[in-house]
Amino acid sequence: MNLIAAVDNNWAIGKNNQLLVSIPADMKFFRTTTTGKVVVMGRKTLESFPNGLPLKNRTNIVLTHDKSYKVKDAIIVYSMEELREELKKYGSDDIYVIGGESIYRQLVDECDVAHITKIDFAYDADAYFPNLDEKPDWELTADSEEQTYFDLIYHFLKYEKVR
């Protein structure tokens, strides 16, 4: 399974259920990487999307504890066990965990690859991605050239689980 996220210098990913920043090249990378794939998210992440609707051209799986929660065009699961059962239907390489913080934390150890857009800035935030630089079982395997968007500097990074 894959993780995909944009993080700042402190591995922050969001504030008040919103992304910290919207970088067009990062959004395009996310879109091209996950289109046609399975995306796994929590309820709050889904609700942060435009109109709270699932992402188009993807299989959307939403984990929530709210048994009454229903969303058109999304698969809703209510426990980690139910999520793991559902994910058995798909190839591991086609599954992307897209947030938020609690979903990343619950699934990071089950993933093999992380696509991280690392933004060289420290934002005021209330949601964080697990710091892969501090996890001995993860290693940085690819780093793009420096990218810029106005005054922001960022890199596209790839981390892989050490075998």
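Reading the values: rules and limits
- Residues numbered from 1 in each chain as written.
- Predicted model: local features only at pLDDT ≥ 70, side-chain atom pairs only at ≥ 80, totals over all residues.
- Heavy atoms only, no water.
- Buried < 20%, exposed > 50% of the residue type's maximum accessible area, 1.4 Å probe, protein only.
- Helix = DSSP H or I, 4+ residues; strand = E, 2+ residues; numbered from the N terminus.
- Pairing = 2+ DSSP bridges.
- Arc of directions from axis to C-beta.
- Contact = heavy atoms within 4.5 Å.
- Salt bridge = Lys/Arg side-chain N within 4 Å of Asp/Glu carboxyl O.

Draft legend 1. Quick look at the pairing of strand E8 (residues 113–119). Where burial is concerned, most of E8 is hidden: seven out of the seven residues are buried. Judged by which residues are buried, E8 turns out to be covered on both faces: Val113, His115, Thr117 and Ile119 on one side and Ala114, Ile116 and Lys118 on the other are all buried. For strand E1 (residues 2–7) and E8, the ladder comprises six bridges, and the chain directions are parallel. Pairing of Ile4 across the sheet is with His115, part of E8. In terms of strand pairing, E8 meets strand E12 (residues 152–161) through seven bridges, oriented antiparallel. The partner of Ala114 across the bridge, within E12, is Tyr159.

Draft legend 2. Geometry of helix H3 (residues 80–87). All of the buried residues in H3 are Met80, Leu83, Glu86 and Leu87. Take H3 and look down its axis: the buried residues cluster within an arc of 120 degrees, on one side only. Next to the buried residues of H3 lie strand E4 (38–42), strand E5 (59–63), strand E6 (75–77), strand E7 (95–99) and helix H4 (101–107).

Draft legend 3. Region of the structure containing the environment of Leu19. You can see Leu19 is positioned in strand E3 (residues 18–19). Counting along the chain gives 51 residues from Leu19 to Lys70, while the straight-line C-alpha distance between them is 24 Å. Other than its neighbours up to four places away in sequence, Leu19 contacts Ile13 and Met27.

Draft legend 4. Here's a closer look at the pairing of strand E2 (residues 12–15). Relative to strand E9 (residues 127–128), E2 runs antiparallel, the two being bridged by two bridges. Among the inter-strand pairings, Gly14 is bridged to a residue of E9, identified as Ala127. Two elements, E2 and E3, share two bridges in a ladder whose sense is antiparallel. Within E3, the residue paired with Lys15 across the bridge is Gln18.

Draft legend 5. Representation of helix H1 (residues 24–34) in the model. When H1 is considered as a whole, its buried residues turn out to be Asp26, Thr33 and Thr34. Relative to the axis of H1, the buried residues are bounded by an arc of 85 degrees and lie together on one face. Of the exposed residues in H1, those oriented more than 90 degrees away from the buried face are Lys28 and Thr32. Considering only its buried residues, H1 is in contact with E1, E4, E7, E8 and E12. Positive phi shows up at Gly36, right after H1, with a value of about 80 degrees.

Draft legend 6. Structural context of the pattern of salt bridges. Applying the stated rule across the entire model yields 11 salt bridges. A salt bridge links Lys37 to Asp94, with the nearest nitrogen and oxygen atoms 3.2 Å apart. Of the two residues, Lys37 sits in the loop between H1 and E4 while Asp94 sits in the loop between H3 and E7, which places them 57 residues apart along the sequence. Of the charged contacts in the structure, one is a salt bridge between Asp109 and Lys135, with a shortest N-O distance of 4.0 Å. Here the residue Asp109 occupies a position in the loop between H4 and E8, and Lys135 occupies one in the loop between E9 and strand E10 (138–143), the gap between them amounting to 26 residues. Residue class for Asp109 comes out exposed when judged on its relative accessible area of 51%. By relative accessible area, which is 24% here, Lys135 ends up partly exposed.

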